[in-house]
Each structure stands twice: as structure tokens, then as C-alpha cells.
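Here is how the chains run, residue by residue.
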Amino acid sequence: MKRLASVDTQAPKPGFWTRIAHPGLFLGWSGHLVIPLILLTAGLMAWGLYLAFLASPPDYQMGDTVRIMYVHVPTAWLSQFCYAVMFVSAIGTLVWRHPMADVSQKAAAPLGAVFTAIALYTGALWGRPTWGTFWEWDGRMTSTLVLLFIYLGIIALWRAFDDQLKAARFVSVVTLVGAINIPIIKFSVDWWQTLHQPASVFRLDGPTIAPEILLPLLVMSGAFSVLFLTLHLVRMRTEIVKRRIRTLELAAARAAGGAQ
Amino acid sequence: MRAFLAIVGRDLRLGLRQGGDMLTLVLFFVIVATVLPFAIGPDRSLLARLAPAIVWVAALLAQLLSNERLFKSDFADGTLDVLRHGALPLEAVVAAKMLGHWILTGLPIIAATPILALMLGMDGTALGLAAFSLLLGTPALVAFGAVGAAVTVGLKRGGLVAPVLVLPLSLPVLIFGTGAMAPMVPGASGQAFLLLAALALAAVALIPFAAAAALRIAGE
């Protein structure tokens, strides 16, 4: 710790981003954010759930099942947002080799997988009463499923490496290739699906959403987004601490006479 | 260009002299395609209808299994380090190795397709479509496999990770490949061929950069 501090004071005048992105300083300033973020998440979630379950009318066609949407749509949006976070972090890892980019990437992957899984699960629950089936080989569902597989593959790749610094850069390559490929997969699945199923399925068209349904949807989307920010921040902090512990353990092992 | 061809030639010689590998791959391809009818049942018309799916799944699996060889032994014995510091850019080395690998794995699979066509009751047109769609699609499969092989090249226990990464990425190849063989809608076949060709060209052009980046990280 002492040595780190001395390095910090020697640095002439670190820029704003340098100060924000230094792992040690990050632990400092992000610590103050955790509790407010948790409170904000809880507040938004409570408001959103109140709106979603009590203060919004059932849909005239789908009845109360429309309330599944208030969880389904936010998680589906986050399933893609997480990948965007991983994509930006992957560029940070490859271009600047920034340790915070590694940590951010690693923290986002399981969150993305979980949000994607929740989106699929709630979609299946919603599909049963409205479409009459849990699973339909619909373009959106299928490409979301493939996205889940990509998340799980990336997590598997993280876990396959002992050296997490090296793993970060391999994962970045895969994340970037995946980012280019995800639109292609989406397009190919849509193409495939329109050939297989010309029959029309239920679609919730954007402009036709009534305002009393739109408001809870927006609040829930905000709540889930803040939830993601909170979890991401906490996971990043945990990862930094874990890495420090590992470094300290290695140093202790060396000091104890591991390397003669 | 001479260095490029030298690497292709070296990989071909190694692949052919080690013998057996190519035959084993073809054998695997044929066996997968004959195991499926045992699961489906000996209904000839049903098999003919499923033939595009069977041919493509067998090709995908065969390709997936062979991809591990792409860089592993060269990485293990240090050849890749030598190539990395040679005059030829690593991207070109990767492209050369992909070409060699495709000649060793893609072409034999295409050559074995008539056997499957015979067993699955495909007619001449269907066989032609199958061979042509595989000709367009296998380079893309090799390219996506190269990413998987490159990022897992240093792993001692990474056997399953690469296929898990590569399979979802290869999905468009499978969709357009089978779409080209069995048009659900008249006229969709040509569209699928064009999309498959576009995908293969883009993958073969762009992926050497990604795979070379991963190999550089592995070599550090």
C-alpha cells in the first residue's frame, strides 16, 4: 500500500480519467456509490412494481399476463446492453490494456447471461398463455437463445484460464468477433424464420402501447438498468479485491521462501 | 506470396504424411451422417427431406473436431513463434494455415458427399446443391473455427471450450447452407447462396486478423 501511495504522489498531475480508472482509487470512490445505488434501485423497483402490479390496467386482450412484460422487456434490453458494455470494455482491454476494462468485462459477462436467461424465461412464461406454447422458434427468441450461448461460452473461456490478465485479452478477441457476428446471427435467424413460418405471431407494436402501460415499463426499465449498474459496480469491486488478495498471497508465499 | 505458399505446402505435406487424419475425418463425417438415419428410421422419403440437415450437421461436427489441430502442434513445438517473427505478417500466416486446413478437411468432406447422397436418397440436383453449398460454407466454418482454435491454443484443458464458442458463431453458416440446399420458398435458394458466399468471404477476409491477435497474446 505504501509503495502504491508513493507512486501516486510522484505522478505529476493525473488527468480526470486516470484518477477515475485507477483500480485503487476506483475502490475508494465507488465505495461511496454502492449504498446510494442500492437505495435508488430499491426505490425505483418498488415504484415500478407498484405501477406494474397495482396501478396499471390489465391489457384488454391479454389480461393480467401483460404484467410479465414489465420484467421481460427490461431484462431483454439489458441482455443486449450488457454485451455493449463488454464490447466497449473489450476495446479498452485490447487497445489500452487497462486493468479496469478487464475487470468491467469480467463483471458484465455473468450479469448479461442472467438477464438473457430471465428474458428467455419470462418470454416462455408469457408465450404459454398468449401463443399457447412455451417455446416457439421465433426469430427473436432464437437469436436471444444464441446470445445466451455466446455469453455462456465467454464465461466458460474466462474460467478455462488460470491467468486472468491473459484471459481478459483472449475473451476480448472473442467478444469483438461475437459483436460483429451477433447482427449477422440475428439477420440469419430472421431470414430463416420468415421462410419457415409465414404465419403471423403476436407482436406488440411500439406506437400502440397505451401510456398507462408505457409508464410502468419505463420505470421498470430504469430500475433494472440501475440494478445492473449496482451489480456491475459491486462485482467490479469484488474482482479488484480478489485480485489484490491473490497478489498479496503470492507475495506472502514468495516471502515465506517459495522462490529460493 | 512464396512464403504464403510455402506455409500452405508445409501444412499439406504434414497433414498428408501423418496419414490417417484425413481418412479418419471423412470416416467421421460419413458415420455421423449414417448414425442419424438409425435414430430417425429407414423412411426414405423422410430421410431425403432431412438430407440437407444431416449433411450440414455432419459437416459442422467434423469440421469442429478437426479445428483443434489448426494451431495446437505448431504452438506447442514453437513453430508459431518462429513464424510470428518471420517476414510474413502473422495474419497472412493464419490465412495460409486456414487455406491448408481447408484443403485437408473441407475438400475431403465435399468429396465424400456423393456417398451420403446415395444413402440419403438425394437426386443429382440435390447432390450438386449440397456440394456447392459445402464448397461455399466450409471456408467460413474453418474461419470461425480458427478463432476458437486461436483463443484456446495455450489451454491444456480447453478441449470443450472452443466448440462451445464456435458453434453459436457458425449458426448463420448452417442456416444459409441448409437454406441453399432445401429451398422452402422458390427462389430462396439463390438468395441463400449469395448470403452464404458473402458470409464466407467476409469471414475469410476478417477473421485472420482476430485469430492472429489471439495468437500474439498466446505467444507472449
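Keep in mind that what you see is a predicted model, and the values were worked out from it rather than measured. Once a new chain begins, its residue numbering starts again from 1 and follows that chain's sequence as written. Going through the entries in the order they are written, you letter the chains from A and number the ligands from 1. Totals for whole chains, interfaces and linings use all residues, but because this is a predicted model, local features are given only for residues with pLDDT of at least 70 and pairs of side-chain atoms are given and counted only at 80 or more.

So, on to the overall build of chain B. Elements are defined by DSSP. Helices are runs of H or I of four residues or more, strands are runs of E of two residues or more, and each kind is numbered from the N terminus. A tally of helices and strands in chain B yields nine helices and zero strands. Reading the secondary structure of chain B in the N-to-C direction produces α-α-α-α-α-α-α-α-α. Radius of gyration: C-alpha atoms only; globule rule: 2.2 Å multiplied by the number of residues to the exponent 0.38. Against the 2.2 N^0.38 benchmark of 17 Å for 220 residues, chain B shows a C-alpha radius of gyration of 18 Å, consistent with a compact globule. In terms of principal-axis extent, the alpha carbons of chain B reach across some 55 × 35 × 30 Å. Scored against the burial criterion, the 220 residues of chain B give a buried share of 47%. A fraction of 80% describes how many contacts in chain B between residues 6 or more apart in sequence connect residues 24 or more apart. Exposed residues have 12 or fewer other C-beta atoms within 10 Å of their own C-beta, buried residues have 20 or more, and partly exposed residues fall in between, where C-beta atoms are placed from the backbone. Placing a C-beta atom from the backbone of each residue, one calls two residues in contact when those atoms lie within 7 Å.

Here we come to the overall build of chain A. Scanning chain A for helices and strands turns up eight helices and zero strands. N-terminal to C-terminal, the α/β element order of chain A is α-α-α-α-α-α-α-α. Every one of the 260 residues in chain A was classed for burial, and the buried ones make up 32%. Put simply, of all contacts in chain A between residues at least 6 apart along the chain, 80% involve residues at least 24 apart.

Okay, helix H8 (residues 161-181) of chain B next. Residues spaced three or four apart along an α-helix point in a common direction, a consequence of the helix completing one turn every 3.6 residues. All names here are of chain B. The span you would expect from a helix comes to 1.5 Å times its residue count less one. Relative to the 30 Å expected for 21 residues at 1.5 Å per residue, H8 spans 30 Å between its end C-alpha atoms, a close match to the ideal helical length. The largest bend in H8 is about 45 degrees, located at Ser170, with the proline Pro172 one to four residues further on. Among the 21 residues that make up H8, 18 are buried, leaving the element largely enclosed by the rest of the structure. Axes are fitted to the seven residues ending at a residue and to the seven starting at it; the angle between these axes is taken as the bend at that residue.

Residues and elements named next belong to chain A. Locating Leu165 in the fold gives a position in helix H7 (residues 164-196). Under the C-beta neighbour-count criterion, Leu165 is labelled exposed, with 12 such atoms within 10 Å. C-alpha separation for the pair Leu165 and Asp102, spaced 63 residues apart in sequence, amounts to 7.4 Å.

Attention now moves to the packing of helix H1 (residues 2-17) of chain B against helix H6 (residues 90-120) of chain B. All names here are of chain B. In this analysis an axis means a line fitted to C-alpha atoms, helices contributing only their contacting stretch, and an angle means the value between N-to-C directions, from 0 to 180 degrees. For the pair H1 and H6, interaxial distance at closest approach is 8 Å and the crossing angle is 35 degrees. Two packed elements cross with a definite hand, and for H1 against H6 that hand is right-handed. Here Phe4, Ile7, Val8, Asp11, Leu12 and Gly15 of H1 come into contact with H6, specifically with Ala92, Val93, Ala96, Lys97, Leu99, Gly100, His101, Ile103 and Leu104. Just so you know the grouping, Ala, Val, Leu, Ile, Met, Phe, Trp, Tyr, Cys and Pro go in nonpolar, Asp, Glu, Lys and Arg go in charged, and all remaining residues, Gly too, go in polar. A breakdown of the residues in the contact of H1 with H6 according to their chemical character gives 10 nonpolar, three polar and two charged. What makes a crossing left-handed is the near helix being turned counterclockwise from the far one by less than a right angle; a clockwise turn instead makes it right-handed.

A separate point is the packing of helix H3 (residues 44-66) of chain B against H8 of chain B. A pair of packed helices is characterised by two quantities: the angle between their axes and the separation of those axes. All names here are of chain B. Where H3 meets H8, the closest approach of the two axes is 10 Å, and the angle between their N-to-C directions is 150 degrees. Between H3 and H8, the crossing angle belongs to the class labelled roughly antiparallel. The two elements H3 and H8 meet at a crossing, and its hand is right-handed. Contact residues: H3 offers Pro52, Ala53, Trp56, Leu60 and Leu64, while H8 offers Pro163, Val166, Ser170, Leu174, Gly177, Thr178 and Met181. Here the residues of the contact of H3 with H8 are counted per class, giving nine nonpolar, three polar and no charged. Here the word oblique covers every angle except those under 35 degrees (roughly parallel), over 145 (roughly antiparallel) and from 65 to 115 (roughly perpendicular).

To continue, consider the confidence of the model for chain A. All names here are of chain A. pLDDT measures how confident the predictor is about each residue, on a scale from 0 to 100. Mean pLDDT for chain A: 83, with 87% of residues reaching 70 or above. For residues 1-8, every residue scores under 50 in pLDDT, and the model assigns this stretch one contact once sequence neighbours within four places are set aside. Segment residues 198-207 is flagged for pLDDT under 50; beyond a separation of four residues in sequence, or across chains, it makes five contacts in the model.

How big an interface is tends to be stated in terms of accessible area lost as the parts join. With 22 residues of chain B at the interface, the matching set in chain A holds 23 residues. Listed by contribution, the elements that provide at least two residues to the side of chain B that touches chain A are helix H7 (124-151), H8 and helix H9 (188-219) of chain B. Per-element tally for the side of chain B that touches chain A: the top contributor is H8 of chain B, with 10 residues. Partitioning the side of chain B that touches chain A into residue classes produces 20 nonpolar, two polar and no charged.

Note on terminology: a nonpolar core is any set of buried Ala, Val, Leu, Ile, Met, Phe, Trp, Tyr and Cys residues joined through C-beta atoms within 7 Å. Counting 122 residues, the largest nonpolar core has Val174 of chain A together with Ala146, Val147, Ala150, Ala211, Ala214 and Leu215 of chain B as its most contacted members. At 16 residues, H9 of chain B tops the list of elements feeding residues into this core. Here Val174 of chain A is in contact with Ile154 and Leu157 of chain A together with Val147, Val151 and Leu165 of chain B, once residues within four sequence places are set aside.

Residue and element names in this part refer to chain B. The topology assignment puts Arg2 in helix H1. Judged by local crowding, Arg2 falls into the exposed class, with 7 C-beta atoms found within 10 Å. Residues Arg2 and Leu88, spaced 86 residues apart in sequence, show a C-alpha to C-alpha distance of 9.7 Å.

This next bit is on the confidence of the model for chain B. Here chain B averages 88 in pLDDT, and 97% of its residues register 70 or above. Averaged pLDDT values for the elements of chain B fall to 87 in helix H4 (residues 69-76) of chain B and rise to 92 in H6 of chain B.

With that settled, consider the environment of Lys166 of chain A. Relative to the elements of secondary structure, Lys166 of chain A occurs in helix H7. Separated by 64 residues in sequence, Lys166 of chain A and Asp102 of chain A place their C-alpha atoms 9.7 Å apart.

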